[in-house]
Amino acid sequence: QLSESGGPVSYSADNLEYFDGERRLLLTGDVDIVQNDARLRADQITLYFSNSTAAANQQGGLGSGDIERMIATGEVYYVRPAQSARGNRAVYEVSQDSVTFTGNVVVASDENVIRGETLVLNIGNRRTVIRPTPGQRVRGVFVPSEGQNSGQSPQ
Amino acid sequence: MTRHFADFDWDPKRAATLKKARRRSRLIAGLRRFFVAGAGASFAAVFVFMALYAIQGGANAGVYDAREPLRMLNPRFIGRTENGGPYQLSAEVAEQAVGQNQPIELVAPVYRTDAGTIMLAPRGIYDPQAKTVIFDGEVLFSDAGGNRFTTPNMIVDLNLGTLTGRGGVTGAGPLGVLQAESYELRDSDRALVLRGGVRGQIPDRGQQNGEPTP
């Protein structure tokens, strides 16, 4: 789920193509996917479904199972309350409950900003891991909130 | 004595009787000739009438074509698309206006494919030249997967086996709730393409019946 609280996935786009044989739903053109308090935006998002519903209805019509994976490309933004991430590409794996951003990654939490090459954002426990471009370092800015000392080390 | 008297009295009677017999023979011969001629004339009349009917019938057909449209009740047409998908097109009434290759107006047309797609509408127009059927009015269609859509207008290309709907389409089913400006179903009904203002909602894992959550 894009959001830890689950719920139906609403989407809007310029075009939709669904290929039943591949269980693949392709959304193109200003794509916006919202699930509860989480939002994923990109130029193109591909959703891959499991076979559960198709197996259930056996007729092989246009049916979809559960979402197994989403691949977003082109100006990808993932926004949740108090945290947002940006990258050139993002892959959301339901089985691992995580979203992996690659390419020019920027993560912002409140006023804190971190930049890197790869970001793995775990949705359930909100754990974020950033890796730099090989040979470079992760860089970030932390703004201490009033009344807190600034000795906190970045993760 | 009586014999003589009988002879004397008999001669005129015999003459009269012979005269009557001859007249009856002539009458019978006349009647025989009349009836034979009558039978011959009847046969001739039958053949002449059949010949006339055949000729005139042809002429009449021409006259029929010029005046009234061709009308069929409960027509059913079974065909196959280019990539082999069989389909069936039926209707309550089909009417073709006068003239060569005129479009055929359909009342309550129904389009079915082996892949499980069913589509129906109040009206339709089949264009034999373009091999397309335009479904008009409140068009309802569903696919084997249980997705149901409505659209005001749908064009079926019987050659390619594609369904293209313009004027907005809304639907619901295992794919969730869907809405767009235009719709296309191709590749033997296994590829769905929606264009323009696409909106949709995929049901949550717990609600797979396509009903949007309140």
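Everything quoted here is computed from the prediction, not taken from an experiment. (Residues numbered from 1 in each chain as written. Chains lettered and ligands numbered in written order. Predicted model: local features only at pLDDT ≥ 70, side-chain atom pairs only at ≥ 80, totals over all residues. Heavy atoms only, no water.)

Engineer: Account for the overall build of chain B, naming residues and giving values.
Structural biologist: A tally of helices and strands in chain B yields one helix and 15 strands. The burial tally for chain B puts 33% of its 214 residues in the buried class. Pairs at least 24 residues apart make up 29% of the contacts formed inside chain B by residues separated by at least 6 positions. Total accessible area on chain B is roughly 13500 Å²; 60% of this is exposed by carbon and sulfur atoms. (Helix = DSSP H or I, 4+ residues; strand = E, 2+ residues; numbered from the N terminus. Buried < 20%, exposed > 50% of the residue type's maximum accessible area, 1.4 Å probe, protein only. Contact = heavy atoms within 4.5 Å. Areas by Shrake-Rupley, 256 points an atom, 1.4 Å probe, with all protein chains shown as cover.)

Engineer: Give a description of the overall build of chain A that names residues and reports values.
Structural biologist: A count of helical and extended segments in chain A gives one helix and nine strands. Along chain A, helices (α) and strands (β) appear in the sequence β-β-β-α-β-β-β-β-β-β when read from the amino end. Looking at chain A as a whole, 45% of its 155 residues are labelled buried. Sequence-distant contacts, at least 24 apart, represent 40% of the contacts inside chain A between residues at least 6 apart. Total accessible area on chain A stands at roughly 7800 Å², and carbon and sulfur atoms take up 46% of it.

Engineer: Could you give an account of a positive patch on the surface, naming the residues involved and the relevant values?
Structural biologist: Taken together, the side chains of K19, K20, R22, R23, R24 and R26 of chain B define a basic patch exposed on the protein surface. Judged by its relative accessible area of 48%, R24 of chain B falls in the partly exposed class. (Patch = residues over 30% accessible without salt bridge, like charges linked within 9 Å, V, L, I, M, F, W, Y side chains within 5 Å. Salt bridge = Lys/Arg side-chain N within 4 Å of Asp/Glu carboxyl O. Lys, Arg positive; Asp, Glu negative; His and termini not counted. Charge placed at Lys NZ, Arg CZ, Asp CG, Glu CD.)

Engineer: Mind laying out the packing of aromatic side chains, listing which residues take part and the relevant values?
Structural biologist: By convention here, two paired aromatic rings are described through the distance between centres and the angle between planes. Within this structure, the stated rule accounts for nine aromatic pairs over all chains. An aromatic cluster of three or more residues is present, and its members are F77, Y87, Y111 and Y126 of chain B. In this arrangement the basic side chain of R69 of chain A is found over the ring face of Y48 of chain A, its NZ or CZ atom lying 5.4 Å from the centre. (Phe/Tyr/Trp six-rings, centres within 6.5 Å; stacked < 30°, edge-to-face > 60°. Lys NZ or Arg CZ within 6 Å of the ring centre and 35° of its normal.)

Engineer: Any chance you could break down the pairing of strand β5 (residues 83–93) of chain A for me, citing the residues and the numbers?
Structural biologist: Here is the key point about a regular strand: its side chains alternate between the two faces of the sheet. All names here are of chain A. Counting buried positions along β5 yields eight of eleven residues, so the element is predominantly enclosed. Of the strand pairs in this sheet, strand β4 (residues 67–80) and β5 are connected by ten bridges, and their pairing is antiparallel. Bridge pairing links V76 to G87 in β5. Where β4 folds back onto β5 in an antiparallel hairpin, the turn is made up of two residues, including A82, whose phi is positive at roughly 70 degrees. Of the strand pairs in this sheet, β5 and strand β6 (residues 98–109) are connected by eight bridges, and their pairing is antiparallel. Among the inter-strand pairings, A90 is bridged to a residue of β6, identified as F101. (Pairing = 2+ DSSP bridges.)

Engineer: Summarise the pairing of strand β2 (residues 24–35) of chain A; cite the residues concerned and give the values.
Structural biologist: All names here are of chain A. When strand β1 (residues 9–19) meets β2, the two strands line up antiparallel, connected through eight bridges. From the neighbouring strand, Y18 faces β2, where its bridge partner is L25. Here β1 folds back onto β2, and the loop between the two strands holds four residues, one of which, R23, carries a positive phi near 55 degrees. Two successive antiparallel strands, β2 and strand β3 (residues 38–49), enclose a turn made up of two residues, where N36 displays a positive phi of approximately 55 degrees.

Engineer: Outline a nonpolar patch on the surface, listing residues and values.
Structural biologist: Residues F43, V46, F47, F49, M50 and Y53 of chain B make up a contiguous nonpolar surface patch of roughly 750 Å² in combined accessible area. If you trace the backbone, F47 of chain B turns up in helix α1 (residues 2–67).

Engineer: Give me unusual backbone geometry: which residues, what numbers.
Structural biologist: Residue and element names in this part refer to chain A. Phi at R23 is positive, roughly 55 degrees, even though this residue is not glycine. Mapped onto the secondary structure, R23 falls in the loop between β1 and β2. The class of R23 is buried, set by a relative accessible area of 7%.

Engineer: Explain the nonpolar core residue by residue, including any values.
Structural biologist: Judged by nonpolar contacts, the single largest core of 61 residues is most densely connected at L16, I33 and L47 of chain A together with F135 of chain B. The element best represented in this core is β3 of chain A, accounting for six residues. Sequence-distant contacts of L47 of chain A, defined by excluding residues within four places in its chain, comprise R23, R24, L25, L27, I33, I67, R69 and M70 of chain A together with I202 of chain B. (Core = buried A, V, L, I, M, F, W, Y, C linked by side-chain atoms within 4.5 Å.)

Engineer: So what's going on with the side chain of E17 of chain A? Residues and values would help.
Structural biologist: Structurally, E17 of chain A is set in strand β1. Setting aside anything within four residues of it in sequence, one finds E17 of chain A in contact with R24, L25 and L26 of chain A together with R186, L192, V193 and R195 of chain B.

Engineer: Quick one: what's the story with the confidence of the model for chain B, residue by residue and with numbers?
Structural biologist: Residues and elements named next belong to chain B. Taken over all residues, the pLDDT of chain B has a mean of 81, while the share at 70 or more is 83%. Across residues 207–214, where pLDDT falls below 50, the model places 13 contacts with residues more than four positions away in sequence or in other chains. Across the interfaces of the predicted complex, the ipTM metric reaches 0.77, alongside a pTM of 0.68. (pLDDT = per-residue confidence, 0-100.)

Engineer: Any chance you could break down the pattern of salt bridges for me, citing the residues and the numbers?
Structural biologist: Residue and element names in this part refer to chain A. In the structure shown here, the tally under the stated rule is ten salt bridges over all chains. D20 is paired through a salt bridge with R23; the nearest N and O atoms lie 2.5 Å apart. A salt bridge links R24 to E22, with the shortest nitrogen-to-oxygen separation between them at 2.6 Å. Salt bridges sharing partners connect three or more residues here, namely D30, D32, R39 and R41.

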